[in-house]
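Each chain, letter by letter, is given below.
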Amino acid sequence: MKKIFLLCLIFPCLIVSANEITEDYFDIASNYAIYGQYNNALVYVNKILEEEPSNSEAQDVKAVLVRTINPNSKSYLTTTNKNIRDAKNYELQGEKLKQIETLANLSNDYWSLYSLAQYYFDNEDYQNAILYYQKSSLLKPDFAQSYLGLALSYNRTSDFSNALKMINKYLTYNKEADIAYALRAEINMQLNNLSEAEKDIKQALEIDENLSYLLIEAKIYYAKGDYEKAWDKFNLLSKNIQTSEVYKYLGLCDYALNNLPSALLNIDKAIILSNEDKDLNKRYNEIKTALDKQ
């Protein structure tokens, strides 16, 4: 995840289009951008421009994304904070050790500590990310982004109890943050607090009917054992999101509902799209065996 705070500076608001397809693409692009996946966000902004080549708002967002992705671009902080600028220069030179040392030595600068936490988060070193988010929050307790970073880091390490505490703290500062309600829904789902998870995702969807939030909602229905409703949700999502995860859950819902041919087809699609989930082949074989017995 990149700096969500900086993203808000770059994108003070996202676009509302009259075209429902482009609205969905903007939702997907926004979600990718929130998590720092700017290249993926750009893919969906380009899809908007394929639909509406003259969409000036999409053109503006594309220009900002291209600039953000460009490693030679200067961000808000690198132009106003010398410490961050020095660390960024070391990063561009490939001197990661000096980059880390520059940030770590500035123990009284919450921005430097927060940037260091972000560095560790981006490099999937979540324990160090947690350490420096904590240090940043101690220096500036009202800087809510540190609590969001902590919630995300604890979530990645499966420490869901602490993740829940931190996202609750973040929400005390940002009561209308749809991303926070969506994250809390995911955390509550992991803790098997399914009623709370459902309540949270509905709150997120009231603020922004984002496709990624609809995906979480569908997963919650699956976790609750409401397979028919989950199937309906995943089936609708599959019209716009053709990912391994969506087809996997469609297949699992089919399997639970004893729709074996459809289950086999959807699990097969999931495997074709991604081989990262090692359990899928096992499920495919289970379904095939059950189908052969009919």
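About the cut-offs
- Residues numbered from 1 in each chain as written.
- Predicted model: local features only at pLDDT ≥ 70, side-chain atom pairs only at ≥ 80, totals over all residues.
- Heavy atoms only, no water.
- Helix = DSSP H or I, 4+ residues; strand = E, 2+ residues; numbered from the N terminus.
- Buried < 20%, exposed > 50% of the residue type's maximum accessible area, 1.4 Å probe, protein only.
- Contact = heavy atoms within 4.5 Å.
- Areas by Shrake-Rupley, 256 points an atom, 1.4 Å probe, with all protein chains shown as cover.
- Salt bridge = Lys/Arg side-chain N within 4 Å of Asp/Glu carboxyl O.
- Phe/Tyr/Trp six-rings, centres within 6.5 Å; stacked < 30°, edge-to-face > 60°.
- Lys NZ or Arg CZ within 6 Å of the ring centre and 35° of its normal.
- Axes fitted to C-alpha atoms, helices over the stretch in contact; angles between N-to-C directions.
- Parallel < 35°, antiparallel > 145°, perpendicular 65-115°, else oblique.
- Left-handed = near helix turned anticlockwise from the far one by under 90°.
- Nonpolar A, V, L, I, M, F, W, Y, C, P; charged D, E, K, R; others polar.
- Expected span 1.5 Å × (residues − 1).
- Core = buried A, V, L, I, M, F, W, Y, C linked by side-chain atoms within 4.5 Å.
- Arc of directions from axis to C-beta.

Visitor: Before we move on, could you go through the overall build of the protein chain and cite the residues and values that matter?
Guide: Counting secondary structure elements, the protein chain contains 18 helices and zero strands. Counting every position in the protein chain, which comprises 294 residues, the buried fraction comes to 45%. Here the contacts in the protein chain between residues at least 6 apart in sequence split such that 47% fall between residues at least 24 apart. For the protein chain, the exposed surface amounts to about 15300 Å²; the carbon and sulfur share of it is 47%.

Visitor: Can you break down the pattern of salt bridges residue by residue, with the values?
Guide: One pass over the structure, following the stated rule, counts nine salt bridges. Asp142 is paired through a salt bridge with Lys140; the nearest N and O atoms lie 3.6 Å apart. A relative accessible area of 48% places Asp142 in the partly exposed class. Residues Lys202 and Glu217 are paired through a salt bridge, measuring 3.6 Å at the closest nitrogen-oxygen approach.

Visitor: Tell me about the packing of aromatic side chains, and name the residues and values.
Guide: By the definition in use, this model includes 10 aromatic pairs. Pairing Tyr147 with Tyr173 gives two aromatic rings, centres 5.9 Å apart and planes at 20°, and the pair type is stacked. Here the residue Tyr147 occupies a position in helix H10 (residues 145–156), and Tyr173 occupies one in helix H11 (residues 160–173), the gap between them amounting to 26 residues. Its relative accessible area of 4% is what places Tyr147 among the buried residues. Taking relative accessible area as the criterion, Tyr173 reaches 38% and is therefore assigned partly exposed. For the cation-ring pair, Lys47 lies above Tyr44, with the distance from its terminal atom to the ring centre recorded as 5.7 Å.

Visitor: Any details on the side chain of Lys219? Residues and values, ideally.
Guide: Note that Lys219 resides in helix H14 (residues 211–223). In this structure Lys219 comes out as buried when scored by relative accessible area, which is 14%. Excluding residues within four positions of it along the chain, Lys219 makes contact with Met189, Phe234, Glu245 and Tyr249.

Visitor: Summarise the packing of H11 against helix H12 (residues 178–190); cite the residues concerned and give the values.
Guide: It is the contact of H11 with H12, at a shortest axis distance of 10 Å, that shows an interaxial angle of 155°. Judged by the inter-axis angle, H11 sits roughly antiparallel to H12. Regarding H11 and H12, the two cross each other, and that crossing is left-handed. Where H11 abuts H12, its residues Phe160, Ala163, Leu164, Ile167, Asn168, Tyr170 and Leu171 lie against Ala180, Tyr181, Leu183, Arg184, Ile187, Asn188 and Gln190. Its residues placed into classes, the contact of H11 with H12 shows 10 nonpolar, three polar and one charged.

Visitor: Tell me about helix H8 (residues 110–122), residues and numbers included.
Guide: For an α-helix the count is 3.6 residues per turn, leaving residues at separations of three or four pointing the same way. For H8, spanning 13 residues, the distance from its first C-alpha to its last is 18 Å, which sits close to the expected 18 Å at 1.5 Å a residue. When you tally the buried positions in H8, you get 11 out of 13 residues, the bulk of the element. Burial in H8 covers these residues: Trp111, Ser112, Leu113, Tyr114, Ser115, Leu116, Ala117, Gln118, Tyr119, Tyr120 and Phe121. One or two steps after H8, the chain reaches Glu124, where phi turns positive at roughly 60°.

Visitor: Describe the nonpolar core, naming the residues involved and giving the relevant values.
Guide: Counting residues in hydrophobic clusters, the biggest one holds 82 residues, and the most contacted among them are Ile167, Tyr170, Ile201, Phe234 and Leu237. In terms of residue count, the dominant contributor to this core is H14 (nine residues). Non-local contacts of Ile167, meaning those with residues more than four positions away in its chain, are made with Leu148, Ala151, Ala180, Leu183, Arg184 and Ile187.

Visitor: I'd like a rundown of helix H13 (residues 194–207), residues and numbers included.
Guide: Across its 14 residues, H13 extends 20 Å between first and last C-alpha, which sits within 8% of the 20 Å expected from 1.5 Å per residue. Taken as a whole, H13 has its buried residues at Leu194, Ala197, Glu198, Asp200, Ile201, Ala204 and Leu205. Axial view of H13: buried residues confined to an arc of 165°, hence all on one face. Away from its buried face by more than 90 degrees, H13 exposes Ser195, Lys199 and Glu206. The inward-facing, buried residues of H13 abut H12 and H14.

Visitor: Report on the environment of Asp24, specifying residues and quantitative values.
Guide: Mapped onto the fold, Asp24 is located in helix H2 (residues 20–34). Sequence separation between Asp24 and Ile241 is 217 residues; the distance between their C-alpha atoms is 9.9 Å. Setting aside residues no more than four positions away along its own chain, Asp24 makes contact with Leu211 and Asn240.

Visitor: Please provide a residue-by-residue account of the packing of H8 against helix H9 (residues 126–139), values included.
Guide: Packed helix pairs are specified by the crossing angle of their axes together with the interaxial distance, meaning the distance between the axes. Where H8 contacts H9, the two axes come as close as 8 Å, and the packing angle between them is 160°. Classified by the angle between their axes, H8 and H9 sit roughly antiparallel to one another. Like other packed secondary-structure pairs, H8 and H9 cross with a definite hand, here left-handed. For the pair H8 and H9, the contacting residues are Tyr110, Leu113, Tyr114, Leu116, Ala117, Gln118, Tyr120 and Phe121 in the first and Tyr126, Asn128, Ala129, Tyr132, Tyr133, Lys135, Ser136 and Leu139 in the second.

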